[in-house]
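Structural overview
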Amino acid sequence: MSEITYETVKYERAGERVVRIVLNRPDKRNAQNSALLYELDDAFQRAVLDDSVGVIILAAEGPDFSSGHDLKDPITIHEDGPRSCCGGFDAPGIEGWWATEREVFVGLCERWRNIPKPTIAEVHGKVIAAGLMLVWPCDLIVASDDTVFSDPVVAFGVNGVEYFRHPFEMGSRRAKEMLFTGGNMNAADAYMLGMVNRVVPRGELEKTTLELAETIALRPSMGLKLAKQAVNQSEDRQGITDAMWGAFSLHQLGHANNLHIHGSLIDPSAAQKIRDANKRS
Ligand code: ZN
């Protein structure tokens, strides 16, 4: 098994034609800073360019898949420059922040969603807010039965996480419940709603995901590529990408409002409100 080590991500050959990319900030519960997101992008790109890779798994070390954005480490553009056609990152007001989130969050998520190879998210533990932004771009999701999904960021005075696919992933009513309450959705409910493909005991998660990946990797790359694009195009015809970009604009309205009222991009009292709500539940 060949292994390449990044600082925040592991890149492993998991099977003959399967690569496993692993989020590797377990002490931070895989909170996402710029280093992690750009290393993840590098790892995906590496797998895309390697013709011996048929399927890509995205997994995580530690107790949780991801606790969301790393709020203690503000995002920055990669030192080699952006990977989208965005600019104006230092512009004052909301203009610069809008461009920054467009590059580092939604821009990267859209790149990963359109990777021309099957991708499988292997998730466990907590998948909070921006954690969803790593899971939803993947084609398939395998979850251990202890997985809980949530997006509590309405407490921050915004509509939801930047890569806004909630209504399409779980239906409008469950999406509103998740957003309005900030509460958890367990793996069984996510399976029932069609958001995940398999739910398995934690001890069987890696094995089940690899077996699924190896089964898919036996299929011809051209057929897989066409099937993926056909489904993604069908989602686009249903409006998923337009709706996501529209919601992203509303998200920036929320940040602008916070900037006006609080002098910061998020309501500074929100983190404590979320902690209090978690204690009550
Ligand atoms: Zn934001």
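The shown structure was predicted, so the numbers you read here are calculated from the model rather than taken from an experiment. Sequence positions are assigned chain by chain, starting from 1 and proceeding in written order. Reporting of local features is limited, given that this is a predicted model, to residues whose pLDDT is at least 70; pairs of side-chain atoms are given and counted only at 80 or more, and all residues count toward the totals for whole chains, interfaces and linings. Computation of side-chain values: all heavy atoms of the structure, hydrogens and water removed.

**Quick word on the overall build of the chain**
The secondary structure listing takes helices from DSSP runs of H or I that are at least 4 residues long and strands from runs of E that are at least 2 residues long, numbered from the N terminus. Scanning the chain from N- to C-terminus turns up 10 helices and 10 strands. For a compact globule the rule gives 2.2 Å times the number of residues to the power 0.38, and the radius of gyration it is set against comes from C-alpha atoms. By the compact-globule yardstick of 19 Å for 281 residues, the chain fits well, its C-alpha radius of gyration being 18 Å. If you line up the chain on its principal axes, its C-alpha atoms span 55 × 45 × 40 Å. For each residue, the accessible area found with a 1.4 Å probe, counting protein chains only, is set against the maximum for its type, and the residue is called buried under 20%, exposed over 50%, and partly exposed in between. Counting across all 281 residues of the chain, residues that qualify as buried make up 49%. Surface accessibility follows the Shrake-Rupley procedure with a 1.4 Å probe radius. Residue values consider only the protein chains on display as shielding. Accessible surface for the chain amounts to roughly 13400 Å². Of this, 53% is attributable to carbon and sulfur atoms. Placing the 30 positive and 39 negative side-chain charges of the chain at their respective mean positions leaves the two points 4 Å apart. Asp and Glu count as negative and Lys and Arg as positive, but His and the ends of the chain are not part of the count. By convention, charge coordinates are those of NZ in Lys, CZ in Arg, CG in Asp, or CD in Glu.

**Details of the sheet that holds strand 6 (residues 126-128)**
Strands sit in the order 6-8-9 across an open sheet of 3 strands; the sheet is mixed. Two strands lie at the open edges of the sheet, namely strand 6 and strand 9 (185-186), each paired on one side alone. Following DSSP output, two strands are said to pair if at least two bridges run between them. The pairing of strand 6 with strand 8 (residues 148-150) spans 3 bridges and is parallel. Counted as the bridge partner of Val 127 is Phe 149 from strand 8.

**Some points on the pairing of strand 4 (residues 55-60)**
Of all 6 residues in strand 4, 6 are buried; the element is thus mostly enclosed. Here strand 4 shows a buried face lined by Val 55, Ile 57 and Ala 59 and a second buried face lined by Ile 56, Leu 58 and Ala 60. Examined bridge by bridge, strand 3 (residues 18-23) and strand 4 share 6 bridges and lie parallel to one another. Bridging from a neighbouring strand, Ile 21 pairs with Leu 58 of strand 4. Here, the term right-handed applies to a crossover whose path from the first strand over the helix to the second runs clockwise when the strands point away from the viewer. This β-α-β element, strand 3 to helix 1 (residues 34-49) to strand 4, shows right-handed connectivity. Examined bridge by bridge, strand 4 and strand 5 (residues 119-123) share 3 bridges and lie parallel to one another. Opposite Ile 57, over in strand 5, you have Ile 120 as the bridge partner. The parallel pair strand 4 and strand 5 is bridged by helix 2 (residues 93-113), and the resulting crossover is right-handed.

**Quick word on the packing of aromatic side chains**
For Phe, Tyr and Trp, rings pair up if their centres lie within 6.5 Å, where Trp contributes its six-membered ring, and each pair is then called stacked (planes under 30 degrees apart), edge-to-face (over 60) or tilted (otherwise). In this structure the tally under the stated criterion is 2 aromatic pairs. When the centroid spacing of 5.5 Å and the interplanar angle of 45 degrees are considered together, the rings of Phe 44 and Trp 112 count as tilted. With a gap of 68 residues between them, Phe 44 in helix 1 and Trp 112 in helix 2 connect regions that are remote in the sequence. Taking relative accessible area as the criterion, Phe 44 reaches 3% and is therefore assigned buried. On the basis of relative accessible area, Trp 112 is assigned to the buried category, the value being 4%.

**Considerations on the environment of Ile 240**
Its location among the elements puts Ile 240 in helix 9 (residues 240-262). Put simply, Ile 240 and Phe 156 are 84 residues apart on the chain and 24 Å apart in space, counted from C-alpha to C-alpha. By definition in these notes, contact holds between two residues if any of their heavy atoms fall within 4.5 Å. Excluding residues that lie within four positions of it along the chain, Ile 240 makes contacts with Arg 113, Arg 165, Phe 168 and Glu 235.

**A word on unusual backbone geometry**
Not every positive phi belongs to a glycine, and Asn 30 is a case in point at roughly 55 degrees. Looking at where Asn 30 falls in the secondary structure, it is placed in the loop between strand 3 and helix 1. The buried category is assigned to Asn 30, whose relative accessible area is 0%. At Ala 129, a residue that is not glycine, the phi angle is positive and equals roughly 45 degrees. Tracing the chain through its elements places Ala 129 in the loop between strand 6 and helix 3 (130-135). For Ala 129, a relative accessible area of 7% puts it in the buried group.

**Notes on the nonpolar core**
Each nonpolar core is a collection of buried residues, namely Ala, Val, Leu, Ile, Met, Phe, Trp, Tyr and Cys, held together in the definition by side-chain atoms within 4.5 Å. Ile 21, Leu 40, Leu 58, Phe 65, Val 123 and Phe 149 are the most contacted members of the largest nonpolar core, which has 57 residues in total. When near neighbours in sequence (up to four residues on either side) are disregarded, Leu 40 contacts Val 9, Ile 21, Leu 23, Leu 58, Trp 112 and Leu 134. Grouped together as the second largest cluster of nonpolar side chains are 14 residues, Val 22, Ile 57, Val 142 and Ala 217 included.

**Details of a positive patch on the surface**
Patch definition: residues above 30% relative accessible area lacking any salt bridge, with like charges linked at up to 9 Å and the nonpolar side chains Val, Leu, Ile, Met, Phe, Trp and Tyr linked at up to 5 Å. Within this document, salt bridges are pairs made up of a side-chain nitrogen of Lys or Arg and a carboxyl oxygen of Asp or Glu, the two lying within 4 Å of each other. A cluster of basic residues, Lys 28, Lys 72, Arg 275 and Lys 279, forms a positive patch on the protein surface. Relative to the helices and strands, Lys 28 is located in the loop between strand 3 and helix 1.

**Quick look at the layout of surface pockets**
By rolling a water-sized probe across the atoms, one finds the places where empty space is left. Buriedness for pockets is judged along seven lines, at least five of which must meet protein on both sides within 12 Å for an open set on the 1 Å grid over protein atoms alone, while cavities are sets there where a 1.4 Å probe fits but cannot get out, and lining residues have an atom within 4 Å of a point. Grid points are joined across faces, edges and corners, and a volume is the space filled by probe spheres set on the points. Here the largest pocket defines a volume of roughly 1500 Å³. The wall of the largest pocket is formed by 50 residues, among which Ser 67, His 69, Leu 71, Phe 156 and Ile 274 lie closest to the centre. Mapped by element, the contributors of at least two residues to the lining of the largest pocket are helix 2, strand 6, strand 8, helix 5 (172-181), helix 9 and helix 10 (270-280). Cys 138, Asp 139, Leu 140, Val 231 and Glu 235 are the residues nearest the centre of the second largest pocket, which is lined by 23 residues in total. Contributing elements (two or more residues each) for the lining of the second largest pocket: strand 7 (140-144), helix 4 (166-170) and helix 8 (221-237). In terms of residue count, helix 8 provides more of the lining of the second largest pocket than any other element does, 6 residues in total. Considering only residue class, the lining of the second largest pocket consists of 14 nonpolar, 3 polar and 6 charged. Residues were grouped as follows: Ala, Val, Leu, Ile, Met, Phe, Trp, Tyr, Cys and Pro as nonpolar; Asp, Glu, Lys and Arg as charged; and all remaining residues, including Gly, as polar.

Any functional reading would require information beyond the geometric quantities listed.
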